[in-house]
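# Structural description and commentary
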Amino acid sequence: PDTFSMAQEFYDIGLEQMDRGNAATARQAFQAVVDSFPATELAPQALFQIGETYVLEGAFDRALTTFDEVVRRYQDSDAAPRALYRAGVVAEQQGSRERATEYFRRVVSGYPNSDARRLAEAALERIG
């Protein structure tokens with residue numbers, strides 16, 4: 001099998017495990033995509049999902065660190081603005097409006113053509 005289909009297999013296992021609430025097992029599958037197939041377009045999505053596994057576990061600082069890593073490593077991917085937006089949502093839920101505002105502003109300024117931009121703008125209006 002080709003590289004992409006192998007990456008897709010690990011990614012699908014990760015999603016399946018997330019659906020079952022098995023965050024740690026899902027994280028291993030997503031990490032396999034990031035480590036073994038870093039050049040595929042699934043790698044940034046997998047790293048984003050690793051952030052989501054931490055959200056599922058309530059490890060919000062690890063989640064934010066992981067979402068930041070998505071942007072640092074894959075700034076030109078579709079996952080980057082989504083990661084910034086999710087980081088803003090997580091920060092807001094944690095009561096850090098200032099940090100949330102910063103994340104949402106980064107979506108708007110850095111990714112003006114992304115789907116996440118409209119969500120970020122709405123969030124900025126909501127938190128004032």
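What comes next concerns the included structure. Every value quoted in this text rests on a predicted model; they were computed, and no experiment measured them. (Residues numbered from 1 in each chain as written. Predicted model: local features only at pLDDT ≥ 70, side-chain atom pairs only at ≥ 80, totals over all residues. Heavy atoms only, no water.)

### Some details on the overall build of the protein
Just so we agree on the cut-off: By definition, any uninterrupted DSSP run of H or I lasting at least four residues is a helix, any uninterrupted run of E lasting at least two residues is a strand, and each is numbered from the N terminus. The globule rule used for comparison is 2.2 Å times the number of residues to the exponent 0.38, while the radius of gyration itself is calculated over C-alpha atoms. Classification of residues uses two cut-offs on accessible area relative to the type maximum, computed with a 1.4 Å probe and protein chains only: under 20% is buried, over 50% is exposed, and between them is partly exposed. Note on contacts: a residue pair qualifies if any of its non-hydrogen atoms lie within 4.5 Å across the two residues. Using a 1.4 Å probe, accessible areas were evaluated by the Shrake-Rupley method; residue-level cover was limited to the displayed protein chains. Only four residue types enter the tally: Lys and Arg on the positive side, Asp and Glu on the negative side; His and the chain ends are excluded. Every charge is mapped to an atom, namely NZ of Lys, CZ of Arg, CG of Asp or CD of Glu.
When its secondary structure is counted, the protein shows seven helices and zero strands. Written out in order from the N terminus, the α and β elements of the protein read α-α-α-α-α-α-α. Taking 2.2 N^0.38 as the reference for a compact globule, 128 residues should give roughly 14 Å; the C-alpha atoms of the protein span a radius of gyration of 15 Å, in line with that estimate. Counting all 128 residues of the protein, 48% fall into the buried class. Taking all contacts inside the protein whose residues are at least 6 apart in sequence as the whole, residues at least 24 apart take part in 47%. Accessible surface for the protein amounts to roughly 7,000 Å². Of this, 46% is attributable to carbon and sulfur atoms. With 14 positive and 20 negative side-chain charges, the protein shows a spacing of 6 Å between the two charge centroids.

### Quick look at the packing of aromatic side chains
Keep this limit in mind: For this analysis, a ring pair means two rings from Phe, Tyr or Trp (six-membered ring only for Trp) whose centres lie within 6.5 Å, classed as stacked if their planes differ by under 30 degrees, edge-to-face if by over 60, and tilted for the remaining angles. When the NZ atom of lysine or the CZ atom of arginine is within 6 Å of a ring's centre and also within 35 degrees of its normal, the charge is said to sit over that ring.
Taken as a whole and judged by the stated rule, the model has four aromatic pairs. When the centroid spacing of 5.5 Å and the interplanar angle of 40 degrees are considered together, the rings of Tyr85 and Phe104 count as tilted. Here Tyr85 is found in helix H5 (residues 79-93), whereas its partner Phe104 is found in helix H6 (residues 97-110), with 19 residues between them in sequence. A relative accessible area of 18% places Tyr85 in the buried class. Accessibility expressed as a relative area gives 0% for Phe104, which makes it buried. Directly above the ring of Phe48 sits Arg82, whose terminal nitrogen or CZ lies 4.2 Å from the centroid.

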